[in-house]
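A closer look at the structure
Each chain, letter by letter, is given below.
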Amino acid sequence: MTIAWVPYQEQKLVKTKKDEWKVVKHEDSDKTGNIPVILVTYPESTDTVWIDMNTSNELLGKLVKHSLMTQEPIRRPYVQYFEEASCQKCHPS
């Protein structure tokens, strides 16, 4: 897991003459900063999972625990992940 700070700058959508939209920077006085992110990567894999910062501590702990115990990479949707990364696979009743 990697904790990272990703830079951001406020942007907006602008309609062009061809009825298309493009993203542009607001103005020089707009806010810029960094937003924290949690990135999960696994050895020998190019997949990266971004875990939202508003994820509850309980869910984050459950994701990490399941990944460690089942050796299954975390992936979305989490409901499907928990079904497939079930502890029952390693510890049947």
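Use the structure listed above.
Let me begin by describing the structure that accompanies this report.

Some words on the pattern of salt bridges
- Scanning the model with the defined rule gives three salt bridges in all.
- Between Arg76 and Asp52 there is a salt bridge whose closest N-O contact spans 3.6 Å. Pair noted here: Arg76 is in the loop between helix H1 (57–70) and helix H2 (78–84) and Asp52 is in the loop between strand E5 (48–51) and H1, with a separation of 24 residues, a long-range link.
- The partly exposed category is assigned to Arg76, whose relative accessible area is 44%.
- Judged by relative accessible area, which is 40%, Asp52 ranks as partly exposed.
- A salt bridge links Glu72 to Arg75, with the shortest nitrogen-to-oxygen separation between them at 3.8 Å.

So, the packing of aromatic side chains
- Going through the model one piece at a time under the given rule, you end up with one aromatic pair.
- Consider the rings of Tyr81 and Phe82, whose centres lie 5.5 Å apart with planes at 55 degrees: the pair is tilted.
- On the accessibility criterion, Tyr81 (1% relative accessible area) is buried.
- Looking at Phe82, the relative accessible area reads 18%, which means it is buried.

Observations regarding the pairing of E5
- On E5, burial follows the alternation: Val49 and Ile51 on one face are buried, whereas Thr48 and Trp50 on the facing-out side are not.
- Both strand E4 (residues 32–41) and E5 contribute to a ladder of four bridges, which runs antiparallel. Each residue of the ladder has a partner; that of Ile38, found in E5, is Ile51.

Brief notes about unusual backbone geometry
- The omega angle of the peptide bond from Arg76 to Pro77 is -5 degrees, so this bond is cis rather than trans.
- Here Pro77 lies in the loop between H1 and H2.
- Notably, Glu44 is not glycine yet its phi reads approximately 60 degrees, a positive angle.
- Of note, Glu44 is situated in the loop between E4 and E5.
- For Gln71, which is not glycine, the phi dihedral falls at a positive 60 degrees.

Focus: the nonpolar core
- Residues Ile38, Val40, Val49, Ile51, Leu63, Ile74, Tyr78, Tyr81, Phe82 and Ala85 constitute the largest nonpolar core, which totals ten residues.
- For this core, the secondary structure elements donating two or more residues are E4, E5 and H2.
- Broken down by element, the residue count for this core peaks at three residues, all from H2.
- Those residues within four positions of Val40 in sequence are excluded, and the remaining contacts are Met1, Asp47, Thr48, Val49, Ile51 and Ile74.

Focus on H1
- Spanning 14 residues, H1 covers 20 Å between terminal C-alpha atoms, matching the ideal 20 Å at 1.5 Å per step.
- If you check which residues of H1 are buried, you get Leu63, His66, Ser67 and Thr70. The arc enclosing the buried residues of H1, seen along the axis, measures out at 95 degrees, which places them on a common side. What points out from H1, more than 90 degrees from its buried face, is the exposed set Asn57, Glu58, Lys65 and Leu68.
- Its buried side turned inward, H1 meets E5 and H2.

Reading the values: the criteria
- Residue indices begin from 1 for each chain and proceed along its sequence in written order.
- This being a predicted model, a pLDDT of at least 70 is required before a residue's local features are given, and a value of 80 or more before pairs of side-chain atoms are given or counted; all residues contribute to the totals for chains, interfaces and linings.
- The side-chain numbers reported here are obtained from all heavy atoms of the structure, hydrogens and water having been left aside.
- Each reported salt bridge corresponds to a side-chain nitrogen of Lys or Arg within 4 Å of a carboxyl oxygen of Asp or Glu.
- Here a helix means four or more residues in a row that DSSP labels H or I, a strand means two or more in a row labelled E, and each is numbered from the N terminus.
- Working definition: with a 1.4 Å probe on protein chains only, accessible area under 20% of the residue-type maximum means buried, over 50% means exposed, and in between means partly exposed.
- Only Phe, Tyr and Trp rings are paired, with Trp represented by its six-membered ring, and only when their centres lie within 6.5 Å; those with planes under 30 degrees apart are stacked, over 60 edge-to-face, the remainder tilted.
- What makes two strands pair is DSSP finding at least two bridges between them.
- Only buried Ala, Val, Leu, Ile, Met, Phe, Trp, Tyr and Cys residues count toward a nonpolar core, and they belong to the same one when joined by side-chain atoms within 4.5 Å.
- Note on definitions: a residue-residue contact is assigned when non-hydrogen atoms from the two residues lie within 4.5 Å.
- Any helix carries an expected span of 1.5 Å times its number of residues minus one.
- To obtain the arc, one takes the directions from the helix axis to the C-beta atoms.

Functional significance is not addressed by these values, which are geometric in nature.
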